[in-house]
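Architecture at a glance
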Amino acid sequence: MKLLQVHNRINELMSHWVTQIKGFAGMSRTDINHVSETILVPLLRAVYGWSGLHNLNTLSVNYPAIDLADDTAGVVIQVTSTANSNKIKHTLLKFVEHKLYEQYDHLIVYILVEKQKTYSGKGFDEIIDDRFQFDKDADILDYRDLLAAIGGFQIDRATPILEFLEANFRDGRAVGLPLDPHALARYLEAVRERYSLAETRPYRQLSEQRGAPARLSLLDDDGREGVYVPLRYDLHLSDHTAQR
């Protein structure tokens, strides 16, 4: 069934996206968060019908409290990879501090990874004070909420979403993210602490098969066993290029 295949592929690509955000966070990199804001704009338009949604950070870097807005719908969205209650409360406080409720009446927080199972909401109502709409149970979203909504779409609505995700994550990574050599060095050092030997090799030394990923070869002490971890970067080192 084609619809099932489309839904399954969307699920796979969304999961790749979240996994990569987690990985980048572990390397102390936040550039993927900024790229994700841009990707979310057309995705949320398609899923929730917020046709006027736009990225406020293209107008003013680090716009206070919110990142995306639909002026017509009165909806604003804070995009973050921090899922705890303190982050939600901080967003609410900043929203009130800058009196954004005078322009927007509905605040949503989108968690780039996974939101908590529940939020106590302690102190939320006092901050909101009936000045704008924010429901801790309905207005904290993550990728699973998008997938739940998309799961109800027919093929004509689901296919354009799949095509959009394929364009951005066709190989399991967000396109256009440059390599941070310092972050990669920290990653390799962590690998070396776990394994006795780590080798990196350019693609053409590893395989002649077109499209084969560059890999880290991780060997145990006697060199007899190992695992192979695909590199998820484009590396441009001297005359050699390794591509995922």
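Check the entry above for the structure.
Source: prediction; values computed, not measured. (Residues numbered from 1 in each chain as written. Predicted model: local features only at pLDDT ≥ 70, side-chain atom pairs only at ≥ 80, totals over all residues. Heavy atoms only, no water.)

**Thoughts on helix H2 (residues 31-48)**
Here H2 is 18 residues long and its end C-alpha atoms lie 26 Å apart, about the 26 Å a rise of 1.5 Å per residue gives. Taken residue by residue, H2 has Ile32, Asn33, Ser36, Glu37, Ile39, Leu40, Val41, Leu43, Leu44 and Val47 as its buried positions. In the stretch just after H2, Gly49 is the one whose phi turns positive, near 80°. (Helix = DSSP H or I, 4+ residues; strand = E, 2+ residues; numbered from the N terminus. Expected span 1.5 Å × (residues − 1). Buried < 20%, exposed > 50% of the residue type's maximum accessible area, 1.4 Å probe, protein only.)

**Quick look at the packing of aromatic side chains**
In the structure shown here, the tally under the stated rule is 4 aromatic pairs. Pairing Phe95 with Phe132 gives two aromatic rings, centres 4.6 Å apart and planes at 55°, and the pair type is tilted. Taken together, the residues Phe95 in helix H3 (residues 85-97) and Phe132 in the loop between helix H4 (124-128) and strand E5 (140-141) connect sequence positions 37 residues apart. Considered together, Phe95 and Phe132 belong to a single accessibility category, that of buried residues. Look at Phe124 and Phe134: their rings are 6.2 Å apart centre to centre, the planes differ by 65°, and that puts the pair in the edge-to-face class. (Phe/Tyr/Trp six-rings, centres within 6.5 Å; stacked < 30°, edge-to-face > 60°.)

**Brief notes about the layout of surface pockets**
A water-sized probe, rolled over the atoms, reveals where empty space remains. Its volume calculated, the largest pocket comes out at about 370 Å³. At the level of secondary structure, the elements contributing two or more residues to the lining of the largest pocket comprise H2, strand E3 (75-80) and H3. Among the elements that make up the lining of the largest pocket, the one with the highest residue count is H3 (4 residues). Broken down by class, the residue content of the lining of the largest pocket amounts to 7 nonpolar, 11 polar and 4 charged. (1 Å grid on protein atoms, 1.4 Å probe; cavity = no way out; pocket = protein on both sides within 12 Å on 5 of 7 lines; lining within 4 Å. Points joined across faces, edges and corners; volume = space filled by probe spheres on them. Nonpolar A, V, L, I, M, F, W, Y, C, P; charged D, E, K, R; others polar.)

**As for the packing of H2 against helix H6 (residues 155-169)**
When two helices pack together, their arrangement is captured by the angle between the axes and the distance separating the axes. The interhelical angle for the contact between H2 and H6, taken along N-to-C directions, is 170°, at an axis separation of 10 Å. Classified by the angle their axes make, H2 and H6 are roughly antiparallel. Between H2 and H6, the residues in contact are Ile39, Pro42, Leu43, Ala46 and Val47 and Arg157, Ile161, Phe164, Leu165, Asn168 and Phe169, respectively. Here the residues of the contact of H2 with H6 sort into 9 nonpolar, 1 polar and 1 charged. (Axes fitted to C-alpha atoms, helices over the stretch in contact; angles between N-to-C directions. Parallel < 35°, antiparallel > 145°, perpendicular 65-115°, else oblique. Contact = heavy atoms within 4.5 Å.)

**Digging into the pairing of E3**
Most of E3 is tucked away, with 6 of its 6 residues classed as buried. Where strand E2 (residues 68-70) and E3 come together, 3 bridges link them in antiparallel fashion. If you follow Ala69 over to E3, its bridge partner there is Val76. As consecutive antiparallel partners, E2 and E3 are separated by 4 residues, and within that stretch Gly74 has a phi angle of approximately 75°, a positive value. In the sheet, E3 pairs with strand E4 (residues 106-111) via 6 bridges, with the strands oriented parallel. Its bridge partner being in E4, Ile77 is matched across the sheet by Ile108. (Pairing = 2+ DSSP bridges.)

**Some thoughts on the sheet that holds E3**
The sheet built from 5 strands is open, its strands ordered E1-E2-E3-E4-E5 with mixed pairing. Taken across any chain shown, the strands that pair with only one partner, and hence form the sheet edges, are strand E1 (54-55) and E5.

**Here's the deal with the environment of Asp130**
As for its position among the elements, Asp130 is in the loop between H4 and E5. Here the alpha-carbon distance between Asp130 and Asp105, two residues 25 residues apart in the chain, equals 9.9 Å.

**Details of the side chain of Asp142**
Within the fold, Asp142 resides in the loop between E5 and helix H5 (143-150). Separated by 2.5 Å, the side chains of Asp142 and Arg144 make a polar contact. For Asp142, the residues in contact, after removing those within four places along its chain, are Tyr110, Ile111, Val113, Glu114 and Lys115. (Polar contact = N/O pair within 3.5 Å; in protein donor to acceptor, adjacent residues only side chain to side chain.)

Function cannot be read off these values alone, since they describe shape.
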